[in-house]
There are 2 protein chains.
Amino acid sequence: MLYLIGLGLGDPTDITVKGLRAVKACSRVYLEEYTSVMSGGKEALESFYGRSLVLADRDLVEQGAEQILKDAHETDVAFLVVGDPFGATTHSDLVLRAVHAGIPYKVIHNASIMNAVGCCGLQLYNFGETVSLVFWTDSWKPESFYDKICKNRKSGLHTLGFLKQSVQMFVSRGKKIYEPPRFMTVCQAASLTEDTVCVGVARLGSDDQSIRTGTLRQLESCDLGAPLHSLVVTGQLHPLEVDMLRLSAEPGALGHLTMVDGSTYTS
Amino acid sequence: MLYLIGLGLGDPTDITVKGLRAVKACSRVYLEEYTSVMSGGKEALESFYGRSLVLADRDLVEQGAEQILKDAHETDVAFLVVGDPFGATTHSDLVLRAVHAGIPYKVIHNASIMNAVGCCGLQLYNFGETVSLVFWTDSWKPESFYDKICKNRKSGLHTLGFLKQSVQMFVSRGKKIYEPPRFMTVCQAASLTEDTVCVGVARLGSDDQSIRTGTLRQLESCDLGAPLHSLVVTGQLHPLEVDMLRLSAEPGALGHLTMVDGSTYTS
């Protein structure tokens, strides 16, 4: 049996009891650590599980899948993924290889940023398509994520934006990942401006998680600390959502808002 | 401290180690069971935790919050929610009451249907707005969910549809919750027909979970068994998504598909 086990978001104790039992019972346990990293890393997990883990880098997962699946007809193998195995990054390819080799598989789910972001107070069913935020270079200026954010906003929906790990490096060095003037130009129709209320989320689920609500301009100068970071661009807000956002709001961030009932809200 | 603890989706062992430790350490533990129910119910959870739980019905949560929060300045109180505390149903109101009473709170996340649905093989970031599917009565025929599904489809996005518990009753008695002709009339522009590929999901995360991929017409006659059920209406499909859907597909379901690259796919 191949077990795909989500580790959740915070620390080693975020694994489920079911997941922990599987980890202890499997003959080989792989840790996928190239799409997301857990605080304390491999060593902290090994110490908590009381067993050693094999680090599965991208090459091993993409080219060496038969090594991971070796003998999984007769023995149990676990593949550990930070968050949920079918969260932001899916591991469909490994599942398909297992199925085609006649190896049964089982998924043990856990929280991922895709659902845990609800803790900022925005309702998950009001989110539209998720986007990846990328850093513009001189030669690479992708625009598709702006369009998706604008499209969501036009429908009144919130957008969860992932900052890719390569981008995190830039962010943590204090560089900008978006250019507000560009935002304003493209998105006038969606009223997406520097004053748009956004939520910056860092290290969600861990003890030192950081949630900050502010205008896009305010969040530019917010230091949320170490990765991983995500950015939520809000759509139309429900009064209860505003009340929740207030818990993490910068001064004045929630100044003038258009509510879901069309009224203007002034804090 | 008020702990809001997600129980995950399957059985009592789906709680996280962190969550279980909190449950054991809290002086009072409430179980919210009116929005979703876990297999085995309260008794199975009490037996696994080795302690008794207080059932929190809607009245207690909405009108008796001060009873739940009583003395939570000095003692630890846990509030257990099937799935994630900020998943399909949020508990913002309880959080706000705690904060306004000066009681700190902590969320221990877990999987919810909002992210676990990814295990059917559809990529989570390609989902648009979530909808609630309701049963039409003679006097109540809401249409907004059709429009949202069509809007998502037009953007190539998948739609996760929840069947409300009141609807589950009808479904489990073999009644229809949608009317295909109506679907076709409203949604022609979005090419949403009886041949649209959908995924029926039941009891996700439990040992007897059921995932069936078929056309809307095929799924009408599929018996997915006991609640809870969700229905995913697919948008534009990526080849890897099709390969995953094939694992749960009814014969002929994936006959003619338009792929994300514009090509037509014939299985």
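These numbers come from a predicted model, not from an experiment.

## Description of the packing of aromatic side chains
Under the criterion given, the structure shown has four aromatic pairs over all chains. Taking the centre distance of 4.6 Å and the plane angle of 25 degrees together, the rings of Phe-145 of chain B and Tyr-146 of chain B count as stacked.

## Some details on the relation of the copies chain A and chain B
With an RMSD of 0.0 Å, the fit of chain A onto chain B corresponds to turning through 180 degrees and sliding 0.0 Å along the axis. Such values leave the two copies arranged in the relation of a two-fold axis. Most of the interface of chain A is mirrored in chain B: 100% of its interface residues are interface residues there too.

## A few points about the interface of chain A and chain B
Counting from both sides, the interface comprises 47 residues of chain A and, opposite them, 47 residues of chain B. Each partner contributes to the roughly 4,100 Å² buried at the junction of chain A and chain B, and carbon and sulfur atoms together form 60% of this total. On inspection of chain A and its partner chain B, the count reaches six salt bridges. One salt bridge in this structure joins Lys-18 of chain A and Asp-14 of chain B, with 2.9 Å as the shortest N-O distance. Across the chain A-chain B interface, the total number found is 18 residue pairs in polar contact (both at pLDDT 80 or more). Where the side of chain A that touches chain B is concerned, the elements lending two or more residues are α1 (17-25), α5 (92-100), β5 (105-108), α6 (113-116) and α11 (239-246) of chain A. Residues that form the side of chain A that touches chain B fall into these classes: 21 nonpolar, 16 polar and 10 charged.

## What about the nonpolar core?
Among the nonpolar cores identified, the biggest contains 90 residues, and Leu-2 and Phe-79 of chain A together with Leu-2 and Phe-79 of chain B are the most heavily contacted of them. Ignoring sequence-local partners within four residues, the contact set of Phe-79 of chain B consists of Leu-2, Tyr-3, Leu-4, Ile-5, Tyr-30, Glu-32, Ala-56, Val-61, Ile-68, His-91 and Leu-94 of chain B.

## Considerations on α5 of chain A
Along an α-helix, residues three or four positions apart point the same way, because every turn accommodates 3.6 residues. Three or more residues of α5 of chain A are buried, namely Ser-92, Leu-94, Val-95, Leu-96 and Ala-98 of chain A. On its buried face, α5 of chain A sits against β1 (2-6), α4 (65-69), β4 (77-81) and β5 of chain A together with α11 (239-245) of chain B. Remark: Gly-102 of chain A follows α5 of chain A within two positions and exhibits a positive phi of approximately 75 degrees.

## Thoughts on the sheet that holds strand β9 (residues 210-215) of chain B
Residue and element names in this part refer to chain B. Spatially, five strands are ordered β6-β7-β10-β8-β9 in an open sheet, and the strand pairing comes out mixed. Each edge of the open sheet is held by one strand with a lone partner, namely β6 (131-133) and β9. If you compare each strand with its neighbour and ignore which way they point, the axes differ by 25 degrees on average. Against the sheet, helix α7 (residues 144-154) touches β6, β7 (159-163) and β10 (229-233), its axis set at about 135 degrees to β6.

## Focus on empty space enclosed by the protein
Here the structure, examined in full by the defined rule, presents two cavities of 30 Å³ or more. The volume enclosed by the largest cavity comes to roughly 210 Å³. Considering the residues around the largest cavity, the lining is formed by 14 residues, among which Met-114 and Phe-127 of chain A together with Met-114, Leu-124 and Phe-127 of chain B are closest to the centre. Of the residues assigned to the lining of the largest cavity, the class counts are 10 nonpolar, four polar and no charged. By volume, the second largest cavity is sized at about 50 Å³. Lining the second largest cavity, in full, are Gly-8, Leu-9, Gly-10, Asp-14, Asn-110, Ala-111 and Gly-205 of chain A together with Val-107, Ile-108 and His-109 of chain B.

## Let's talk about the sheet that holds strand β3 (residues 54-56) of chain B
Within a beta sheet, neighbouring strands are joined by backbone hydrogen bonds and run either parallel or antiparallel to one another. All names here are of chain B. The five strands are arranged β3-β2-β4-β1-β5 in an open sheet whose pairing can be described as parallel. Since the sheet does not close on itself, it has two edges, and those belong to β3 and β5 (105-108), each with one partner. Taken pair by pair, the neighbouring strands of this sheet meet at an average axis angle of 25 degrees, ignoring direction. Where strand β2 (residues 28-32) meets β3, three bridges bridge the pair, whose relative direction is parallel.

## Overview of the environment of His-229 of chain B
Residue and element names in this part refer to chain B. Along the chain, His-229 turns up in strand β10. Owing to a relative accessible area of 8%, His-229 belongs among the buried residues under this scheme. It is 9.8 Å that separates the C-alpha atoms of His-229 and Ile-211, two residues lying 18 residues apart in sequence.

## Considerations on the packing of α11 of chain A against helix α5 (residues 92-100) of chain B
Geometry of a packed helix pair, given as the angle between the helix axes and the separation of the axes. Contact geometry of α11 of chain A with α5 of chain B gives a least axis separation of 10 Å together with a crossing angle of 40 degrees. Between α11 of chain A and α5 of chain B, the crossing angle belongs to the class labelled oblique. The handedness of the crossing between α11 of chain A and α5 of chain B is left-handed. Contacts between α11 of chain A and α5 of chain B involve Leu-240, Asp-243 and Met-244 of chain A from the former and Ser-92, Val-95 and Leu-96 of chain B from the latter. Tallied by class, the residues present in the contact of α11 of chain A with α5 of chain B amount to four nonpolar, one polar and one charged.

## Observations concerning the side chain of Ser-92 of chain A
Topologically, Ser-92 of chain A is positioned in helix α5. For Ser-92 of chain A, a relative accessible area of 2% puts it in the buried group. Those residues in contact with Ser-92 of chain A, other than ones at most four positions away along the chain, are Phe-86 of chain A together with Leu-240 and Met-244 of chain B.

## A word on the pattern of salt bridges
Opposite charge on two side chains makes pairing possible when the charged atoms of those side chains draw close. For the structure on display, the rule yields 25 salt bridges over all chains. Of the charged contacts, one joins Lys-70 of chain A and Asp-71 of chain A as a salt bridge, the two residues approaching to 3.5 Å between their closest N and O atoms. What makes Lys-70 of chain A exposed here is its relative accessible area of 51%. Taking relative accessible area as the criterion, Asp-71 of chain A reaches 37% and is therefore assigned partly exposed. Residues Glu-62 of chain B and Arg-58 of chain B are paired through a salt bridge, measuring 3.3 Å at the closest nitrogen-oxygen approach. Residue Glu-62 of chain B and its partner Arg-58 of chain B are located together in helix α3 (residues 58-63), separated by four residues, close to a single helical turn. Members of the salt-bridge network, linked through shared partners, are Asp-11 and Asp-14 of chain A together with Lys-18 of chain B.

## Thoughts on the pairing of strand β2 (residues 28-32) of chain A
Residues and elements named next belong to chain A. Counting buried residues in β2 gives four out of five residues, a clear majority hidden from the surface. Pairing geometry for β2 and β4, over five bridges, is parallel. Among the inter-strand pairings, Tyr-30 is bridged to a residue of β4, identified as Phe-79.

Thresholds applied
Every chain begins its residue count from 1, and numbering advances along the sequence as written. Just so you know, chain letters begin at A and ligand numbers begin at 1, following the order they were written in. Local features in this predicted model are restricted to residues of pLDDT 70 or higher, and side-chain atom pairs are both shown and tallied only at a pLDDT of 80 or more, whereas totals for entire chains, interfaces and linings draw on every residue. With hydrogens and water set aside, each side-chain value is computed from the structure's full complement of heavy atoms. What counts as a ring pair is set by centres within 6.5 Å for rings of Phe, Tyr and Trp (its six-membered ring), and what kind of pair is set by the plane angle: stacked under 30 degrees, edge-to-face over 60, tilted for all other angles. In this comparison the copies share one frame, found by least squares on the C-alpha atoms of residues holding pLDDT of at least 70 in both. The contact criterion used is simple: two residues touch if any of their non-hydrogen atoms lie within 4.5 Å. As a working definition, buried area equals the accessible area (1.4 Å probe) given up by two parts on being put together, with both sides summed. A pairing counts as a salt bridge when a side-chain nitrogen of Lys or Arg comes within 4 Å of a carboxyl oxygen of Asp or Glu. We define a polar contact as two N or O atoms separated by no more than 3.5 Å, with the added condition that, inside protein, one atom must be a possible hydrogen donor and the other a possible acceptor, whereas residues neighbouring each other in sequence contribute only through side-chain atom pairs. Elements are defined by DSSP. Helices are runs of H or I of four residues or more, strands are runs of E of two residues or more, and each kind is numbered from the N terminus. Note on residue classes: Ala, Val, Leu, Ile, Met, Phe, Trp, Tyr, Cys and Pro are nonpolar, Asp, Glu, Lys and Arg are charged, and everything else, Gly too, is polar. We call a set of buried Ala, Val, Leu, Ile, Met, Phe, Trp, Tyr and Cys residues a nonpolar core when their side-chain atoms join them within 4.5 Å. For each residue, the accessible area found with a 1.4 Å probe, counting protein chains only, is set against the maximum for its type, and the residue is called buried under 20%, exposed over 50%, and partly exposed in between. In short, DSSP must find at least two bridges between two strands for them to pair. Axes here mean lines fitted to C-alpha atoms, for a helix over just the part in contact, with angles spanning 0 to 180 degrees between N-to-C directions. Points on a 1 Å grid, built from protein atoms alone, make a cavity when a 1.4 Å probe fits but cannot get out and make a pocket when they are open with protein on both sides within 12 Å along at least 5 of 7 lines; residues with an atom within 4 Å of a point are the lining residues. Grid points are joined across faces, edges and corners, and a volume is the space filled by probe spheres set on the points. Our angle categories are set so that under 35 degrees counts as roughly parallel, over 145 as roughly antiparallel, 65 to 115 as roughly perpendicular, and the remainder as oblique. Left-handed describes a crossing whose near helix is turned anticlockwise from the far helix through less than a right angle; right-handed describes the clockwise counterpart.

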